[in-house]
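# Residue-level structure breakdown
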Amino acid sequence: MDPKAKPIGYLLNRTDEALTRVMDGTLAEFGLTRVAWQVLNLVGEGDGTTDTEVHSVLSANADTPTLTTAVDTVLADGWATRPAPGRLALTPDGSHRLTEVASHVAAFRTRSVDGITTDEYRTAVRVLERMIENLEGPRP
């Protein structure tokens, strides 16, 4: 390893901060944040996603208060509804608006990987997955 290279933790934090800042800016015109978008995507994938699932699946992305605020936002803004207590589903309008937002998110994703080849991206993902396994796996 290069002793002059910046620590990977520093770079990961800077990357996550940049991703959040730019994505929040991209989604602001729709009244969304990166976390609210992640909530909507999860709700859109499921059939009556539960609050517990939202918190479980997205716990690595945000803390409980942030996730709760994101859920409250998508409900208050009419993106989602509660078909039953503790369950979330997209409204027809929310589904339509989510499709509209998707092109902005696609442009964000394109910008975030500009100049990175497919092989470089795959390598970066593999390295990060290996680091997670190293740190979260059983200790010998």
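For clarity, every value in this text was computed on a predicted model and none was experimentally measured. (Residues numbered from 1 in each chain as written. Predicted model: local features only at pLDDT ≥ 70, side-chain atom pairs only at ≥ 80, totals over all residues. Heavy atoms only, no water.)

## Digging into a nonpolar patch on the surface
- A surface patch of nonpolar side chains, about 310 Å² in accessible area, is lined by V113, I116, Y121 and V125.
- Examined against the element boundaries, V113 turns out to sit in the loop between α5 (92-112) and α6 (118-136). (Patch = residues over 30% accessible without salt bridge, like charges linked within 9 Å, V, L, I, M, F, W, Y side chains within 5 Å. Areas by Shrake-Rupley, 256 points an atom, 1.4 Å probe, with all protein chains shown as cover. Salt bridge = Lys/Arg side-chain N within 4 Å of Asp/Glu carboxyl O. Helix = DSSP H or I, 4+ residues; strand = E, 2+ residues; numbered from the N terminus.)

## Quick look at helix α1 (residues 8-27)
- With 20 residues, α1 extends 28 Å from end C-alpha to end C-alpha; this agrees with the ideal 28 Å at 1.5 Å per step.
- Residues of α1 that are buried include every one of M23, T26 and L27, and no others. Down the axis, α1 shows its buried residues gathered within 80 degrees of arc, on one side only. Set apart from the buried face of α1 by more than 90 degrees, the exposed residues are N13, R21 and G25. (Expected span 1.5 Å × (residues − 1). Buried < 20%, exposed > 50% of the residue type's maximum accessible area, 1.4 Å probe, protein only. Arc of directions from axis to C-beta.)

## Quick word on the sheet that holds strand β1 (residues 49-50)
- Taken in spatial order, the three strands make up an open sheet running β1-β3-β2, and their pairing is antiparallel. Lying at the two open borders of the sheet, with one neighbouring strand each, are β1 and β2 (80-81).
- Judged from the two bridges that link them, β2 and strand β3 (residues 87-90) form a sheet pairing that is antiparallel. Looking at the pairing, A80 lines up with L90 of β3.
- Helix α2 (residues 34-45) rests against β1 and β3 of the sheet, and its axis sits at about 90 degrees to β3. (Pairing = 2+ DSSP bridges. Contact = heavy atoms within 4.5 Å. Axes fitted to C-alpha atoms, helices over the stretch in contact; angles between N-to-C directions.)

## Describing the side chain of T50
- Checked against the element boundaries, T50 lands in strand β1.
- Sequence-distant contacts of T50, defined by excluding residues within four places in its chain, comprise G86 and R87.

## Structural notes on the pattern of salt bridges
- Overall, the coordinates contain five salt bridges when judged by the stated rule.
- Here R34 ties to D16 by a salt bridge, and the two come within 2.8 Å at their closest N and O atoms. Of the two residues, R34 sits in helix α2 while D16 sits in helix α1, which places them 18 residues apart along the sequence.
- The partner of D119 in a salt bridge is R122, with the nearest N and O atoms 3.9 Å apart. Within this pair, D119 and its partner R122 are both found in helix α6, separated by three residues, close to a single helical turn.

Keep in mind that these numbers describe shape and distance, not what the molecule does.
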